[in-house]
Amino acid sequence: MNKQLLRAAALPLFALIAPDAAPAQNADRTERLRDAALEDDEVAYDIVEGLTTEIGPRLAGTAQEARAREWGVRKLKSLGFSNVHIETYQMPVWVRGEERAEIVAPFPQRLAVTALGNSGATPAAGLDAEVVGFDSLADLEAAPAAAVRGKIVFVSHGMTATQDGSQYGYYGAARRTGPSVASRKGAAAIVIRSIGTDHHRNPHTGVQIWSEGVSPIPAGALSVPDAEQLQRILKRGKKVTMRLTLTPRNIGMQEGGNVVAEVPGTDAKAGIVLIGGHLDSWDLGTGAIDNAAGVAITAAAAKRIMDAGRPRRTIRVVWFGAEEVGGNGDQAYRAAHGKEKIVFVSESDFGADRVWRMDPGFAPVNAALADRVAAALAPLGIARSTQAASGGADLGEWVQTGVAAIDLQQDGTRYFDYHHTPDDTLDKVDPEQLRQNVAAWTAMLSVVANAPEEIVPTKPAVPAP
Ligand SMILES: [Zn+2]
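For every chain, the first residue of the written sequence is number 1, and numbering continues from 1 onward in sequence order. With pLDDT at 70 or above as the cut-off, local features in this predicted model cover only qualifying residues; side-chain atom pairs require 80 or more to be listed or tallied, and sums for whole chains, interfaces and linings still use all residues. Side-chain numbers come from the whole structure's heavy atoms, not from hydrogens or water.

Where an unreviewed UniProt entry is consulted, the chain appears under the name Carboxypeptidase Q, with the organism given as Allosphingosinicella deserti. UniProt positions are given in the numbering used here, feature names are shortened, and annotations may be inferred rather than shown by experiment. As stated in UniProt under Subunit (unreviewed entry), the record for the chain gives "Homodimer. The monomeric form is inactive while the homodimer is active."

Below, the structure written as structure tokens:
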């Protein structure tokens, strides 16, 4: 008999000695908790409203993020969580400066621009250079260095909205790697069409990390209408000169931190359910959909489980302090806690609109557990997908190393209208859809945290760093 069969054979025994944890009774409780959340949850909205109003923007590693951590501790304690604390780490911090772009010739006018994370700086008075346009990142990659050297590169390919947000991965490459490609070819600077799906004059910021050995150059994003304007100007066939002024700076190593809270379980041997999202935001908006919503949804659902009596497994909620700028929060967390018995992870970081799909990530021996979660979610209009859970930006590493997971996928149709812009504000959060999220998370946690069977890894354990 192999180990998995042994585990399976042990299940009915466990159910006998712990009758109140039996799946049928759990299903009734799950249904009650789910429907109550859908009806009356106010905790999640209260967190989003409070964080965006009392803190506002909270760029990782800044005083704003430190204030957000303190706010989070007070809030989670007041909600009744146990073991509420902050775990700090050091991280490099980049801050925005002046931002201005204008066409000098042939048709002088200003364009709406914002710097991308880790952008280099222009001189204070700006940098004047000819613009060379590319329809895609692939075109830039294929271009000879001579066509780019000394110029301001402009990459104009644009994403469209999809429910699953999948275009972000493909089109987002212009932001993530475009600046390094341009710098390597000797460009003076780069501006991209914002990675966004709106037509407002709000440029979308976002992180980009310089490739090994590449010198930073000024790197910005134009709003979508401004990018389309620049395309039309370039199409006139005249030499186009831009003056770009971006004066961000690196302020060195600073303190960041993760906020942790727990719902203690009754069975320490059953392992820990680790959930959460990132507390930090970009600096342009107040980070309502990215990601006050995610920290709010996960905490509100955990509180509902807590208020219904102790779950079997401890639920640990982590509000990661530095996701946007490169994942320093989750790296610090994994380094400190990688050896603990974390048996399940799930993250919320895609806005506040309704959950429409569940991506399960369980070992085959836990198929019945995945079935029970799917059944609990179905009445909320949530479909079960055949895609495996990824765990998201802050918890994906755990999934990579074989920890079981579920992704509750939110409707991303309008997410990239606001993502990383000044328009990411409270009014974009629909309280009714937010409650549906809390209901889905409550149902999932009720099933998973109380599951009587062992939750096993999806692959052999890989030692944590
Ligand atoms: Zn996010």
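On we go.
Throughout, the protein atoms alone are placed on a 1 Å grid, and a set of points is a cavity if a 1.4 Å probe fits but cannot get out or a pocket if it is open with protein on both sides within 12 Å along at least five of seven lines; lining residues have an atom within 4 Å of a point. Grid points are joined across faces, edges and corners, and a volume is the space filled by probe spheres set on the points. One number sums up the size of the largest pocket: a volume of about 980 Å³. Comment: elements are numbered from the N terminus, with helices defined as DSSP H or I runs of at least four residues and strands as E runs of at least two. Where the lining of the largest pocket is concerned, the elements lending two or more residues are α6 (167-171), α7 (173-176), β14 (355-361), α13 (392-400), β16 (404-410) and α14 (415-418). With 4 residues, the single largest contributor to the lining of the largest pocket is β16. Split by residue class, the lining of the largest pocket holds 9 nonpolar, 15 polar and 13 charged. Each of two domains, domain 1 (3-93 + 253-450) and domain 2 (97-247), supplies a minimum of three residues to the lining of the largest pocket. Amino acid classes used here: Ala, Val, Leu, Ile, Met, Phe, Trp, Tyr, Cys and Pro are nonpolar; Asp, Glu, Lys and Arg are charged; the rest, including Gly, are polar. For the purposes of this description, domain bounds are those given by an automatic or database domain assignment.

Time to look at the coordination of the zinc ion. The protein atoms that coordinate the zinc ion are His278 (NE2), Asp290 (OD) and Asp349 (OD), at distances spanning 1.9 to 2.3 Å. Keep in mind that water is not among the atoms, so a site may look incomplete; donors are the N, O and S atoms within 2.8 Å of the metal, or 3.2 Å for Na, K and Ca. The sequence motif formed by the donor residues of the zinc ion is H-x11-D-x58-D. Taken as a pair, His278 in strand β11 (residues 272-278) and Asp290 in helix α10 (residues 288-307) lie far apart in primary sequence, 12 residues in all. The two residues His278 and Asp290 agree in class, both being buried. When a residue's accessible area, from a 1.4 Å probe over protein chains only, is under 20% of the maximum for its type it is buried; when over 50% it is exposed; and in between it is partly exposed.

The next thing to look at is the nonpolar core. Here the nonpolar core consists of buried residues drawn from Ala, Val, Leu, Ile, Met, Phe, Trp, Tyr and Cys, with membership extended through side-chain atoms lying within 4.5 Å. Residues Phe81, Val153, Ile315 and Trp319 are the most contacted members of the largest nonpolar core, which totals 98 residues. The dominant element in this core, judged by the number of residues it contributes, is α10, at 13 residues. Among the domains, domain 1 (3-93 + 253-450) and domain 2 (97-247) are the pair contributing at least three residues each to this core.

This next bit is on the packing of aromatic side chains. Pairing of aromatic rings covers Phe, Tyr and Trp, the last counted by its six-membered ring, and requires centre-to-centre distances within 6.5 Å; plane angles under 30 degrees mean stacked, over 60 mean edge-to-face, and any other angle means tilted. For the structure on display, the rule yields 7 aromatic pairs. For the pair Phe320 and Tyr333, a centre-to-centre distance of 5.8 Å together with 90° between the ring planes defines the contact as edge-to-face. One end of the pair, Phe320, is in strand β12 (residues 314-320); the other, Tyr333, is in helix α11 (residues 328-337), with 13 residues separating them in the sequence. Side by side, Phe320 and Tyr333 carry an identical accessibility label, which is buried. On the basis of an interplanar angle of 80° and a centroid distance of 5.1 Å, the ring pair of Tyr415 and Phe416 is categorised as edge-to-face. Among the residues examined, Phe416 registers a relative accessible area of 3% and is labelled buried. Note on criteria: charge over ring means Lys NZ or Arg CZ within 6 Å of the ring centre, with the direction from the centre no more than 35 degrees off the ring normal. Here the guanidinium or amino end of Arg334 rests over the ring plane of Trp398, the centre of that ring lying 4.5 Å away. A cation over a ring is seen here: Lys428 above Tyr418, with NZ or CZ 5.3 Å from the ring centre.

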